[in-house]
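# Structural features, examined
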Amino acid sequence: MKKILILVSSLFLSCCMFAQNADIQKGIEYHNKAHTGDLSNAQKCIDTLKPYIDSEAVACAYYGSALTLLAANAIENNNPIKSLEYLEEGGKFLDKAVKLDPKNIIVRIIRLENGIEVSRTSPIKRYAVIKDDVDFLQEDSVIMSVGVEIQAEIFADCGLYLLDSGDLDGALDLFDMAVEVGGSSEGAKLAQQMIDKYSE
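## Let's talk about the packing of helix 6 (residues 105-121) against helix 7 (residues 127-137)
- Following both chains from N to C, one finds helix 6 and helix 7 inclined at 140°, their axes separated by 9 Å at the closest point. Seen from above, helix 6 lies across helix 7 with left-handed handedness. Contact residues: Ile105, Arg108, Ile109, Arg111, Leu112, Gly115, Ile116, Ser119 and Arg120 in helix 6; Tyr127, Val129, Ile130, Asp132, Asp133, Val134, Phe136 and Leu137 in helix 7.

## Quick look at the pattern of salt bridges
- Overall, the coordinates contain 11 salt bridges when judged by the stated rule.
- Among the salt bridges present, the one from Lys96 reaches Asp54, with a minimum N-O distance of 2.3 Å. In this pair, Lys96 sits in helix 5 (residues 80-100) while Asp54 sits in the loop between helix 3 (40-49) and helix 4 (57-76), placing the two residues 42 residues apart along the sequence.
- A relative accessible area of 26% means that Lys96 is categorised as partly exposed.
- Ionic contacts of the salt-bridge type, sharing partners, join the residues Asp95, Arg108, Arg111, Arg126, Asp132 and Asp133 into one network.

## Describing the environment of Ala61
- On the secondary structure map, Ala61 appears in helix 4.
- Separated by 36 residues in the primary sequence, Ala61 and Ala97 have C-alpha atoms spaced 5.3 Å apart.
- If sequence neighbours within four positions are ignored, Ala61 has contacts with Leu94, Ala97, Val107 and Ile110.

## Observations concerning a negative patch on the surface
- Taken together, Asp167, Asp169, Asp173, Asp176, Glu180 and Glu200 make up a surface patch of like negative charges.
- Note on placement: Asp176 falls in helix 10 (residues 168-182).
- Relative accessible area serves as the criterion here: at 41%, Asp176 is assigned to the partly exposed category.

## A look at the confidence of the model for the protein chain
- This prediction gives the protein chain a mean pLDDT of 89; 90% of its residues lie at or above 70.
- Of all secondary-structure elements in the protein chain, the lowest mean pLDDT belongs to helix 1 (residues 10-14), at 44, while helix 7 reaches the highest, 98.
- Ignoring residues within four places in sequence, the model shows residues 1-14, a span with pLDDT below 50, making 58 contacts including any to other chains.

## Re helix 10
- The end-to-end C-alpha distance of helix 10 is 20 Å, a good match for the 21 Å that 15 residues give at a rise of 1.5 Å each.
- Every buried residue of helix 10 is accounted for by Gly170, Ala171, Leu172, Leu174, Phe175, Ala178 and Gly182.
- Tucked into the core, helix 10 has its buried residues touching helix 9 (148-165) and helix 11 (186-198).
- Note on helix 10: the residue one or two positions beyond its end, Gly183, has a positive phi of about 60°.

## Brief notes about the side chain of Ser185
- Position of Ser185 among the secondary structure elements: in the loop between helix 10 and helix 11.
- Exposure remark for Ser185: the relative accessible area of 4% places this residue in the buried category.
- Apart from the residues lying within four places of it in its own chain, the contact partners of Ser185 are Glu149 and Ala152.

Here is what the cut-offs are and how they apply
Residues numbered from 1 in each chain as written. Predicted model: local features only at pLDDT ≥ 70, side-chain atom pairs only at ≥ 80, totals over all residues. Heavy atoms only, no water. Axes fitted to C-alpha atoms, helices over the stretch in contact; angles between N-to-C directions. Helix = DSSP H or I, 4+ residues; strand = E, 2+ residues; numbered from the N terminus. Left-handed = near helix turned anticlockwise from the far one by under 90°. Contact = heavy atoms within 4.5 Å. Salt bridge = Lys/Arg side-chain N within 4 Å of Asp/Glu carboxyl O. Buried < 20%, exposed > 50% of the residue type's maximum accessible area, 1.4 Å probe, protein only. Patch = residues over 30% accessible without salt bridge, like charges linked within 9 Å, V, L, I, M, F, W, Y side chains within 5 Å. Areas by Shrake-Rupley, 256 points an atom, 1.4 Å probe, with all protein chains shown as cover. Lys, Arg positive; Asp, Glu negative; His and termini not counted. Charge placed at Lys NZ, Arg CZ, Asp CG, Glu CD. pLDDT = per-residue confidence, 0-100. Expected span 1.5 Å × (residues − 1).

Below you can see the structure in the form of structure tokens.
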């Protein structure tokens, strides 16, 4: 099983501004450091966010994502059973976050990106769960409520989901949309990579 790291995302670089208190912001910062390779920060994220996971959807989502990052550490330590436990527990908290605030776009993107990567790199498949995120995020009211960088990220992420579902034409259409709206954003760059790889 490959190392578990969720997709590089402009969301993770900007989401701290949405945090409702300093602890949650700090927890997100720990998550971002863990996400970029310093996995020692995953546990710091979990410890920091734990008091808020029953009431704050964003904290709960990042908590769940951090648990899936610990799965990579367990693999490095030759403990695949513990890795699967982390992945399953992380998924439960990501699902809980969506239940806490089902219209929260940030939470939906986190679960979608995490679900794609976990499904691609582990025996746990989350595609049936994250289809709901794909449907939600492509609603016109959602797209129109966010800036172009997040629009590009949404189109790219949903394109990855369609790609994994076997709908190459639909995926390429979404990648084209991400490039069109996203400029130099991370979502647009990812989409262009996918276009270059899969276009005839």
